[in-house]
Amino acid sequence: MKILLTGGLGYIGSHTAVELIQNGYEVVIVDNLSNSKIEVLNKIELITGILPKFYQKDVCDQHALQEIFEENKDIEAIIHFAGFKAVGESCLEPLKYYKNNIGSTLSLLNVMEKYNCKNFIYSSSATVYAVSEIMPLYEDSPLGASNPYGRTKLFNEEILKDYQTAHPDFNVIILRYFNPIGAHESGLIGEDPNGIPNNLMPYICKVAVGEFDHLKIFGNDYNTKDGTGVRDYIHVVDLAIGHAKALEKLTDGDVGLKIYNLGTGVGYSVLDIVNTFNKVNGNLVKYEFVSRRPGDIAICYASPKKAENELGFKATRNLEDMCKSSYEYQKNNH
Ligand code: WQD
């Protein structure tokens, strides 16, 4: 079965490509390399022995998408990873985020309709949930994104709901990621953001290899066990397996539209991450407490029960695996 991955050379896309190829799918990748590197394609081949068909195109370009479908009329499903994802940048450049993240989804849906492709998995995010003191977050918890990036995810979810209502034979699974970290056991692919990392684990890894002097922990006065922010960290390989499980369900047909959290159900604090990282990799990361980062919340973690019950998906990799694999990748790629 042929599957098109948009943004398939990115962090989560590349790990999902490996998982799907190893599950026997034929994977086609479209990526404009705006936040990924062409070298990842050969890394996927090194890991799987298969070089996926690749198109360096912008998913917003409907004509380019049509050419891909003309050459691959047997694409049975699309997993849509491609999108800008820096919360801070989205506040400074909202139009760039709406044009790209919404435009790419509309472009895909139009071309899918033209080529009668009826299966769609959307890469969404925990940022679509409204700020809440009540944890864990369930798929029917109140929604309400607090920044333009999160709103593009929320608006895309609403677009998919409206489209699926108008086209009942169109099957959609929306996957809401919590905090993906870690890297493939080969050390060949992992999280490799452009510039200074916004997210915790890639920043910690850069400190560990000496690119930065120390970690700044944004706030230690939250109402949590140690005062630092608590999040639901999920290993990126578990996340990739979650996509394979969703694809299985999707291609069984008759899904309509389903939404699933992809998380572990366990919250870890920033200090849990730093201390575990230092325990498994050697005492490499110094830190200082600084003021809170605007827009951050104290605690966010998922109920993973729905994905467990309906997809047969449960994350298995632990925090030590996540910290070890992240550092292994960083050492190979800095
Ligand atoms: C985690 C914790 C920070 C960096 C974001 C996006 C979300 C999703 C995942 C795309 C928080 C603390 C961080 C640092 C720190 N991405 N931290 N020092 O903010 O939970 O979620 O990434 O879908 O959409 O919002 O992740 O890794 O930035 O922060 O202390 O240098 O680490 O305060 O408590 P976040 P994060």
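Remember, predicted model here, so these are calculated numbers, not experimental data. (Residues numbered from 1 in each chain as written. Predicted model: local features only at pLDDT ≥ 70, side-chain atom pairs only at ≥ 80, totals over all residues. Heavy atoms only, no water.)

## What to know about the overall build of the protein chain
Here's step 1: Of regular secondary structure, the protein chain possesses 11 helices and 14 strands.
Here's step 2: Its C-alpha atoms give the protein chain a radius of gyration of 19 Å, near enough to 20 Å, the size a compact globule of 334 residues would have.
Here's step 3: In terms of overall dimensions, the protein chain has a C-alpha envelope of 55 × 45 × 40 Å along the principal axes.
Here's step 4: At a minimum sequence separation of 6, the contacts of the protein chain that also span at least 24 residues come to 79%. (Helix = DSSP H or I, 4+ residues; strand = E, 2+ residues; numbered from the N terminus. Rg over C-alpha atoms; globule rule 2.2 N^0.38 Å. Contact = heavy atoms within 4.5 Å.)

## Description of the site of the ligand
Here's step 1: Not every one of the 18 residues close to the ligand is listed here, only the nearest: Tyr 149, Leu 200, Arg 231, Arg 293 and Asp 296.
Here's step 2: Within the backbone of Leu 200, an N or O atom sits 2.8 Å from an oxygen atom of the ligand.
Here's step 3: With the chains in place, 89% of the 680 Å² that the ligand exposes on its own is no longer accessible.
Here's step 4: Considering every element that reaches the shell around the ligand, the biggest residue donor is strand β8 (residues 215-218), with four residues. (Near = heavy atom within 4 Å. Polar contact = N/O pair within 3.5 Å; in protein donor to acceptor, adjacent residues only side chain to side chain. Areas by Shrake-Rupley, 256 points an atom, 1.4 Å probe, with all protein chains shown as cover.)

## Some words on the packing of helix α9 (residues 270-281) against helix α11 (residues 319-332)
Helix packing geometry: the angle between the two helix axes and the distance between the axes.
Here's step 1: Two elements in contact, α9 and α11, have axes whose closest approach is 9 Å; the angle formed by their N-to-C orientations is 65°. By the angle between their axes, α9 is roughly perpendicular relative to α11. Crossing hand, α9 versus α11: right-handed. Contact residues: α9 offers Asp 272, Ile 273, Thr 276, Phe 277, Lys 279, Val 280 and Asn 281, while α11 offers Leu 319, Glu 320, Cys 323, Lys 324 and Tyr 327.
Here's step 2: A class-by-class count of the residues in the contact of α9 with α11 yields six nonpolar, two polar and four charged. (Axes fitted to C-alpha atoms, helices over the stretch in contact; angles between N-to-C directions. Parallel < 35°, antiparallel > 145°, perpendicular 65-115°, else oblique. Left-handed = near helix turned anticlockwise from the far one by under 90°. Nonpolar A, V, L, I, M, F, W, Y, C, P; charged D, E, K, R; others polar.)

## Observations regarding the sheet that holds strand β11 (residues 257-262)
Here's step 1: Strand order in the open sheet formed by seven strands is β3-β2-β1-β4-β5-β6-β11, with parallel pairing between adjacent strands. With partners counted over all chains shown, the strands left at the sheet margins are β3 (53-55) and β11, one partner each. When strand polarity is set aside, the average angle formed by the axes of neighbouring strands in this sheet is 20°.
Here's step 2: One ladder, built from five bridges, connects strand β1 (residues 2-6) with strand β2 (residues 26-30); its direction is parallel. Of the residues in β2, the one forming a bridge with Ile 3 is Val 27.
Here's step 3: Packed onto the sheet, helix α8 (residues 236-251) meets β1, β4 (75-80), β5 (119-125), β6 (171-177) and β11 and runs at close to 165° relative to β6. (Pairing = 2+ DSSP bridges.)

## Some thoughts on the sheet that holds strand β12 (residues 268-269)
What links the strands of a sheet is backbone hydrogen bonding, and the strands pair in either a parallel or an antiparallel sense.
Here's step 1: Taken together, the three strands give an open sheet; going across it, the order is β12-β9-β14, and neighbouring strands pair in mixed fashion. Both outer strands of the open sheet, β12 and β14 (299-300), are each paired with one neighbouring strand and no more.
Here's step 2: Here strand β9 (residues 230-231) pairs with β14 via two bridges, running parallel. Considered in β14, the bridge of Arg 231 is made with Cys 300.

## Side note on the pairing of β1
On a regular strand, each side chain points to the face opposite its neighbour's, so the side chains alternate between the two faces of the sheet.
Here's step 1: Of all five residues that make up β1, five are buried, and the element is covered over most of its length.
Here's step 2: Here β1 shows two buried faces, one formed by Lys 2, Leu 4 and Thr 6 and the other by Ile 3 and Leu 5.
Here's step 3: Of the crossover connections in this fold, the one passing from β1 over helix α1 (residues 11-22) to the parallel β2 is right-handed.
Here's step 4: For β1 and β4, the ladder comprises five bridges, and the chain directions are parallel. Residue pairing for β4: Thr 6 is matched across the bridge by His 80. (Buried < 20%, exposed > 50% of the residue type's maximum accessible area, 1.4 Å probe, protein only. Right-handed = clockwise from strand over helix to strand, strands pointing away.)

## A look at the environment of Leu 4
Here's step 1: Of note, Leu 4 is situated in strand β1.
Here's step 2: By relative accessible area, Leu 4 is classed as buried at 0%.
Here's step 3: In this structure the C-alpha to C-alpha distance between Leu 4 and Phe 120, which are 116 residues apart in sequence, comes to 9.8 Å.
Here's step 4: Setting aside its immediate chain neighbours within four residues, Leu 4 contacts Val 28, Ile 29, Val 30, Ile 68, Phe 69, Ile 75, Ala 77, Ile 78 and Ile 79.

## Some thoughts on the packing of aromatic side chains
Here's step 1: In total, this model carries nine aromatic pairs according to the counting rule given.
Here's step 2: Ring geometry for Phe 277 against Tyr 327: centres 5.7 Å apart, planes inclined by 70°, an arrangement best described as edge-to-face. Remark: Tyr 327 occurs in helix α11 and Phe 277 occurs in helix α9; sequence separation between them is 50 residues. Of the two residues, Phe 277 and Tyr 327, neither departs from the other in class, the shared state being buried.
Here's step 3: Positioned above the aromatic ring of Phe 84, the side-chain terminus of Lys 96 is 4.8 Å from the ring centre.
Here's step 4: Lys 306 extends its terminal NZ or CZ atom over the ring of Tyr 260, reaching a point 5.1 Å from the ring centre. (Phe/Tyr/Trp six-rings, centres within 6.5 Å; stacked < 30°, edge-to-face > 60°. Lys NZ or Arg CZ within 6 Å of the ring centre and 35° of its normal.)

## Let's talk about the nonpolar core
Here's step 1: By size, the foremost hydrophobic cluster in this structure holds 62 residues, and its most contacted members are Leu 5, Leu 20, Ile 204 and Phe 277.
Here's step 2: Setting aside residues no more than four positions away along its own chain, Phe 277 makes contact with Met 201, Ile 204, Cys 205, Ala 208, Gly 282, Val 285, Cys 323 and Tyr 327. (Core = buried A, V, L, I, M, F, W, Y, C linked by side-chain atoms within 4.5 Å.)

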